[in-house]
Amino acid sequence: MKKQSLIIDCDPGVDDALGLFLAFGAPALELLAVTTVGGNVPGVITARNARIMRQLAGREDVPVFAGADRPLVREPVGAGEFHGEGGIGDMVPFEPRLGNAPGSAARAIVDRVMARPAGSVALAVMGPMTNLALAMRLEPKLAAHLGPVSVMGGARSEGGNITASAEFNIYADPDAAAEVFASGCEMVVFGLDATHQVRATEARIAAIEALDGESARAAGGLLRFSQRVEREIVGWDAGPLHDPCTVAWLLEPDLFELKPCRIAVETVSDLTRGHTAVEFRVDAATARHRWAVKADGQGVFDRITESLERLP
């Protein structure tokens, strides 16, 4: 079986952690690196959290590179209320055995993508796009050399989750997102329109809790924390699980329905900062962006559960 080479760029974060477990336990993926960015919580914490999940999963063969701690031009924003002060819910954080790999996340992305054949390395972006924008500034040929960039971010019909029209990952660094969307690289985008269809129902959480393994216990605890927070803050009984969609699509594209489009990001207006303008009136043959409109929530959770079964 030919493996898909992949770099994960993330800001763990509860749902990022589930996305990491999904990738760590997937035999079809060749994980080249995990890069981290400040987003849900500050960058020093997201890097630690990625290394915690890596250690729990027994995947210390995958290097973790710390990246940008702040947006390109704006003050940082966070989402600790949805992820806990330490970004990993009720889990007691610890300092993992292995530290960060030397060098920046942006340089790690450039070096690993450009060292492989064009189009062969995919990038799953689960947080603000700061690292990818910086990587594209370092290497102007990167956009043309990348494989598909699978992104969690944006909103259209569902509306935003941080303002009326903006989703958090795009809102946190709209300038970086605008640069990446305008770069010409192939992008598959999982906004709230799709991720709100992937719900952590009681049955789906219970199926993960029934597994025997440290990774599964951690994943179950993270989902229970998220369930409680979603009930208290939003009023949902089953909260959405956003970030794993980026990896699930790489593993099983048929879990999602995509539409060709052109996406631009608002960077000027304070009122609509981070708004994703998703335009479907495009030539499908030349469109560089695809927007997820439907998701098989059970299928995504089945893939997560299968990966957790393979992990310690």
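Everything below is about the structure shown above.
These remarks concern the structure in this document. Quantities reported herein were computed from a predicted structural model and do not represent experimental measurements.

1. Examining the sheet that holds strand E2 (residues 29–36)
Line of reasoning, step 1. In space, the nine strands of this open sheet follow the order E3-E2-E1-E4-E5-E6-E9-E7-E8, with mixed pairing throughout. The two strands at the open ends of the sheet, each matched to only one other strand, are strand E3 (64–66) and strand E8 (276–279). Taking the axes of each pair of neighbouring strands and ignoring which way they run, one obtains an average angle of 30° across the sheet.
Line of reasoning, step 2. Across six bridges, strand E7 (residues 256–265) lies against strand E9 (residues 289–295) in antiparallel orientation. Bridged to Leu 258 within E9 is Ala 292.

2. Section: the packing of helix H4 (residues 105–114) against helix H5 (residues 130–138)
Line of reasoning, step 1. Taken N-terminus to C-terminus, the directions of H4 and H5 make an angle of 60°; their axes are 8 Å apart at the nearest point. Overall, the two elements H4 and H5 adopt an arrangement that is oblique. Read as a crossing pair, H4 and H5 show a hand that is right-handed. Every residue of H5 that contacts H4 at Ala 105, Ala 106, Arg 107, Ile 109 and Val 110 is listed here: Asn 131, Leu 134, Ala 135 and Leu 138.
Line of reasoning, step 2. Taken together, the residues of the contact of H4 with H5 break down into seven nonpolar, one polar and one charged.

3. A word on the packing of aromatic side chains
By convention here, two paired aromatic rings are described through the distance between centres and the angle between planes.
Line of reasoning, step 1. Counted under the stated rule, the structure contains two aromatic pairs.
Line of reasoning, step 2. With a centroid separation of 6.4 Å and an interplanar angle of 55°, the aromatic rings of Phe 190 and Trp 249 are classed as tilted. In this pair, Phe 190 sits in strand E6 (residues 187–190) while Trp 249 sits in helix H12 (residues 244–251), placing the two residues 59 residues apart along the sequence.
Line of reasoning, step 3. The exposure class assigned to Phe 190 is buried, which follows from its relative accessible area of 0%.
Line of reasoning, step 4. Ring geometry for Phe 190 and Phe 256: centres 4.8 Å apart, planes at 65°, overall edge-to-face. You can see Phe 190 sitting in strand E6 and its partner Phe 256 sitting in strand E7, a full 66 residues away along the chain. Each member of the pair, Phe 190 together with Phe 256, is buried.
Line of reasoning, step 5. Connected via pairs of aromatic rings, a cluster forms that spans Phe 190, Trp 249 and Phe 256.
Line of reasoning, step 6. It is Arg 199 that lies over the ring of Trp 236; its NZ or CZ is 4.2 Å from the centre.

4. Regarding the environment of Ala 207
Line of reasoning, step 1. Its location among the elements puts Ala 207 in helix H10 (residues 202–209).
Line of reasoning, step 2. The partly exposed category is assigned to Ala 207, whose relative accessible area is 36%.
Line of reasoning, step 3. Put simply, Ala 207 and Gly 220 are 13 residues apart on the chain and 9.0 Å apart in space, counted from C-alpha to C-alpha.

Conventions used here
Residues numbered from 1 in each chain as written. Predicted model: local features only at pLDDT ≥ 70, side-chain atom pairs only at ≥ 80, totals over all residues. Heavy atoms only, no water. Pairing = 2+ DSSP bridges. Helix = DSSP H or I, 4+ residues; strand = E, 2+ residues; numbered from the N terminus. Axes fitted to C-alpha atoms, helices over the stretch in contact; angles between N-to-C directions. Parallel < 35°, antiparallel > 145°, perpendicular 65-115°, else oblique. Left-handed = near helix turned anticlockwise from the far one by under 90°. Contact = heavy atoms within 4.5 Å. Nonpolar A, V, L, I, M, F, W, Y, C, P; charged D, E, K, R; others polar. Phe/Tyr/Trp six-rings, centres within 6.5 Å; stacked < 30°, edge-to-face > 60°. Buried < 20%, exposed > 50% of the residue type's maximum accessible area, 1.4 Å probe, protein only. Lys NZ or Arg CZ within 6 Å of the ring centre and 35° of its normal.

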